[in-house]
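Coordinate analysis (summary)
Chain by chain, the residues:
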Amino acid sequence: RRQLLGLFGAGAAGAAVGAAGGASVATALANASAAGAPDPSRAYAFHGAHQAGITTPAQDRLHFAAFDTDASLDRDGLIGLLTDWTNAAARLTQGLEVEEGGAVGGSDYAPPADTGEAQGLPASGLTITFGFGSGLFGAGDGASDRFGLAARRPPLLEPLPRFQGDALVPELTGGDLCIQACADDPQVAVHAIRNLSRIAFGRATLRWSQLGFGRTSSTSTAQATPRNLFGFKDGTANVKSEEQAAVDEHVWVAASDEPAWLAGGSYLVARRIRMIIENWDRVQLGEQEQLVGRSKGAGAPLSGGTEFTEPDFSAEGPTGAPLIAPTAHVALAHPSANGGTRMLRRGYNFVDGNDALGRLDAGLFFLSYQRSPQQFIDVQRSLAADGLNEYLRHVGSAIFAVPGGIAEGEFVGQALFT
Ligand code: HEM
């Protein structure tokens, strides 16, 4: 683990590096030393053209939270919440405590403004990324549009369709607002969500949240590819921040797209995917590799080469059978099976104890950012034939419109209200 993290670690002591653009990542990596642990004092800028936490080199830890707005919240209240969240996030990401003057703290009789468990801890690469669920935009009947946002609803922000094999649990699904906190220290990520939840008291309530302990993606070519709980390298063919043209084509909502307020933003899909790992662990290595379409050790496509060799789906073995089965995960997820579409994956491993049968409640908390939800829908529909499905259950699901970045003095999502 230390070895992996060291690749984007030490060097830029205390320096705030730019939010999310290719240049800022290049700066971060130029400042990184190839040896040692990640620099805990690494602080990513909160302000910028895009929200941080998307193309930012994926940190090792996650706390993700989805909120429901309280029934009494109105438009001004929502703006107040987003303003308080913005002010707190701008400080937290720089390794500072929540300040007096928000919704909590501020008098001799009030509890402290900051809960305190991150005192003395550095920024640890914390990024805080906010998203808006479809519930913010009214129910479509006009009457329930309490934020006056129905006319600004992104036409593509529809609930995801039901996919084959979905076993969704309502308590792990949906949400009006979301916050993704990623950091290299779990206490820093948890502290951020805890304090932002506390600031929302009386305005928005935590609906569900998810901790992640090991990234299952790389979002920079300088990062080593980590492994998911099936033991396979995950993130090899991901969209990487250095691929500027691919990021622009597949991740950011363009100024020419609808709606204009979402320009520079993205759509975030979250799926809590339970892995039936006890069954998986009884599968022979060769079959595991056939199901994925890559070797377990090196992560190379079964058509040959090394990890970053492009898979050749036409390559055949001595018997004339394709070396990569047409039902392998990478065959069905590959752009060639999906009209060229790609997405930026940013998921995490999770283990949340065990179930009543003594099986680990483990899996992959899948997060993907894309310019249109259709990109996820197309790939997920293609994966209906995926042999891996026997070992997977999608139990949670949500989709959010993630607004673009902001300048100092603005609040997150401000363009939606102007
Ligand atoms: C690739 C595992 C769910 C989309 C991969 C790879 C592995 C993997 C091992 C190959 C390495 C790589 O290129 O990253 C898993 C597991 C999943 C899962 C264990 C569930 C627990 C999903 C879902 C989607 C998805 C839900 C999207 C709907 C992709 C894409 C690729 C990929 C687009 C790259 C394909 C390529 O261009 O070669 N996945 N995946 N995966 N996966 Fe998944």
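Preceding block: the structure.
Residues numbered from 1 in each chain as written. Predicted model: local features only at pLDDT ≥ 70, side-chain atom pairs only at ≥ 80, totals over all residues. Heavy atoms only, no water.

Focus: the overall build of the protein
Using the following cut-off: Helix and strand labels come from DSSP, where a helix needs a run of H or I of at least four residues and a strand needs a run of E of at least two; each type is numbered from the N terminus. The buried label applies to any residue whose accessible area, calculated with a 1.4 Å probe on protein chains only, is under 20% of its type's maximum; exposed applies above 50%, and partly exposed to all values in between. Under the convention used here, a 1.4 Å probe and the Shrake-Rupley method define accessible areas, while residue burial counts only the protein chains that appear.
A tally of helices and strands in the protein yields nine helices and twelve strands. For the protein, the residues scored as buried account for 53% of the 418 residues in total. Accessible area for the protein stands at about 16,800 Å²; split by element, carbon and sulfur atoms hold 54% of it.

Some remarks on the site of the ligand
What counts, and what does not: Throughout, near means a residue has at least one heavy atom within 4 Å of the molecule or strand. By the criterion applied in these results, polar contacts are pairs of N or O atoms within 3.5 Å in which, for protein atoms, one can donate a hydrogen and the other can accept it, and in which residues neighboring in sequence qualify only through two side-chain atoms. Cavities and pockets were defined on a 1 Å grid built over protein atoms only: a cavity is a set of grid points that admits a 1.4 Å probe from which the probe cannot escape, a pocket is an open set flanked by protein on both sides within 12 Å along at least five of seven lines, and lining residues are those with an atom within 4 Å of any such point. A cavity or pocket is said to hold a molecule if more than half of that molecule's atoms lie within 2 Å of its grid points. Three residue categories are used. Nonpolar comprises Ala, Val, Leu, Ile, Met, Phe, Trp, Tyr, Cys and Pro, charged comprises Asp, Glu, Lys and Arg, and polar comprises the others, including Gly.
Taken together, 25 residues are adjacent to the ligand, and Gly-235, Thr-236, Ala-237, His-329 and Arg-345 come closest. One of the side-chain N or O atoms of Asp-234 is found 3.5 Å from an oxygen atom in the ligand. Within the backbone of Ala-237, an N or O atom sits 2.9 Å from an oxygen atom of the ligand. Cavity membership is defined here by more than half of the atoms lying within 2 Å of grid points; on that basis the ligand lies in the largest pocket. Taken together, the elements giving at least two residues each to the shell around the ligand come down to strand E8 (266-275), helix H8 (329-333), strand E11 (360-370) and helix H9 (373-382). For the shell around the ligand, the per-class residue count stands at 15 nonpolar, six polar and four charged.

Considerations on the nonpolar core
Heads up, the condition is: In this description, a nonpolar core means a group of buried Ala, Val, Leu, Ile, Met, Phe, Trp, Tyr and Cys residues linked to one another through side-chain atoms lying within 4.5 Å. Contact definition: two residues touch when any of their heavy atoms are within 4.5 Å.
Core analysis: the largest hydrophobic core is formed by 68 residues, its most contacted members being Trp-85, Ile-128 and Phe-230. For this core, the element with the most residues is helix H3 (residues 75-92), which contributes seven residues. Setting aside chain neighbours within four positions, we find Phe-230 in contact with Met-275, Ile-277, Trp-280, Lys-296, Leu-388, Tyr-391 and Leu-392. Counting 23 residues, the second-largest nonpolar core is a separate cluster that includes Phe-64, Leu-344, Ala-398 and Val-402.

So, the layout of surface pockets
Keep this limit in mind: Grid points are joined across faces, edges and corners, and a volume is the space filled by probe spheres set on the points.
In this structure, the largest pocket occupies an estimated 1,100 Å³ of space. The wall of the largest pocket is formed by 46 residues, among which Asp-234, His-329, Ala-333, Arg-345 and Leu-383 lie closest to the centre. Among the elements of the structure, E8, H8, E11, H9 and strand E12 (392-402) are those that each provide at least two residues to the lining of the largest pocket. Of the residues in the lining of the largest pocket, the class split is 21 nonpolar, 15 polar and ten charged.

Comments concerning the pattern of salt bridges
The criterion, for reference: In what follows, salt bridge is the name for a side-chain nitrogen of Lys or Arg lying within 4 Å of a carboxyl oxygen of Asp or Glu.
Scanning all chains against the criterion turns up 15 salt bridges. Across the salt bridge formed by Asp-234 and Arg-345, the nearest N and O atoms sit 3.2 Å from each other. Remark: Arg-345 occurs in strand E9 (residues 344-345) and Asp-234 occurs in the loop between strand E7 (214-215) and helix H5 (244-250); sequence separation between them is 111 residues. Judged by its relative accessible area of 13%, Asp-234 falls in the buried class. A salt bridge links Asp-257 to Arg-371; its shortest N-O distance comes to 2.8 Å. Of this pair, Asp-257 sits in the loop between H5 and E8 while Arg-371 is found in the loop between E11 and H9, placing the two residues 114 residues apart along the sequence. Salt bridges linked by common partners bring Arg-272, Arg-274, Asp-352, Asp-355, Arg-359 and Asp-361 together as one network.

A few points about the state of the cysteines
Selection rule: Cysteine sulfur pairs qualify as disulfides if the two atoms are within 2.5 Å.
In this structure the tally under the stated criterion is zero disulfides. Note on Cys-178: no disulfide assigned, nearest cysteine sulfur contributed by Cys-182 at a separation of 11 Å. Residue class for Cys-178 comes out buried when judged on its relative accessible area of 1%. Here Cys-182 falls in the buried class, since its relative accessible area comes to 0%.

Quick notes on H9
An α-helix turns once per 3.6 residues; consequently, residues spaced three or four apart project the same way. Of all ten residues that make up H9, seven are buried, and the element is covered over most of its length. If you check which residues of H9 are buried, you get Pro-373, Gln-375, Phe-376, Ile-377, Val-379, Gln-380 and Ser-382. Looking at the packing, one finds that the buried side of H9 touches H5, E8, H8, E11 and E12.

Remarks on the packing of aromatic side chains
Under the convention used in this document: Note on aromatic pairs: the rings of Phe, Tyr and Trp (six-membered ring only in Trp) are paired at centre separations within 6.5 Å, and the planes decide the class, stacked below 30 degrees, edge-to-face beyond 60, tilted for the rest.
With the rule as written, the count across this model stands at 14 aromatic pairs. Judged by centre distance (4.1 Å) and plane angle (20°), the rings of Phe-230 and Trp-280 are stacked. On the criterion of sequence distance, the pair formed by Phe-230 in the loop between E7 and H5 and Trp-280 in helix H6 (residues 277-280) is long-range, its members being 50 residues apart. By relative accessible area, Phe-230 is classed as buried at 4%.

What to know about the environment of Ile-199
Secondary-structure assignment places Ile-199 in helix H4 (residues 186-199). Residue Ile-199 is classed as buried on the basis of its relative accessible area of 5%. For the pair Ile-199 and Leu-73, spaced 126 residues apart in the sequence, the C-alpha separation amounts to 14 Å.

Considering unusual backbone geometry
With an omega of -10°, the peptide bond running from Glu-258 to Pro-259 counts as cis. Along the chain, Pro-259 turns up in the loop between H5 and E8. One non-glycine residue, Ser-124, adopts positive backbone phi at about 55°. Judged by its relative accessible area of 3%, Ser-124 is buried.

A word on the environment of Ala-245
Of note, Ala-245 is situated in helix H5. Overall, the relative accessible area of 61% leaves Ala-245 in the exposed class. Remark: the alpha-carbon pair of Ala-245 and Asp-70, spanning 175 residues in sequence, is separated by 40 Å.

Looking at the packing of H3 against H4
The test is simple: The convention used is that axes are lines fitted to C-alpha atoms, helices contributing only their stretch in contact, and that angles between N-to-C directions extend from 0 to 180 degrees. Reported orientations rely on four angle classes, namely roughly parallel under 35 degrees, roughly antiparallel over 145, roughly perpendicular from 65 to 115, and oblique for the rest. The sense of a crossing depends on the near helix, which, turned anticlockwise from the far helix by less than a right angle, makes the crossing left-handed and, turned clockwise, makes it right-handed.
Viewed as axis vectors pointing N to C, H3 and H4 meet at an angle of 155°, and their least axial separation amounts to 10 Å. Here H3 is positioned roughly antiparallel relative to H4, judged by the angle of their axes. Relative to H4, the crossing made by H3 is right-handed. Touching Leu-81, Asp-84, Trp-85, Ala-88 and Leu-92 of H3 are His-191, Ala-192, Leu-196 and Ile-199, all from H4. Here the residues of the contact of H3 with H4 sort into seven nonpolar, one polar and one charged.

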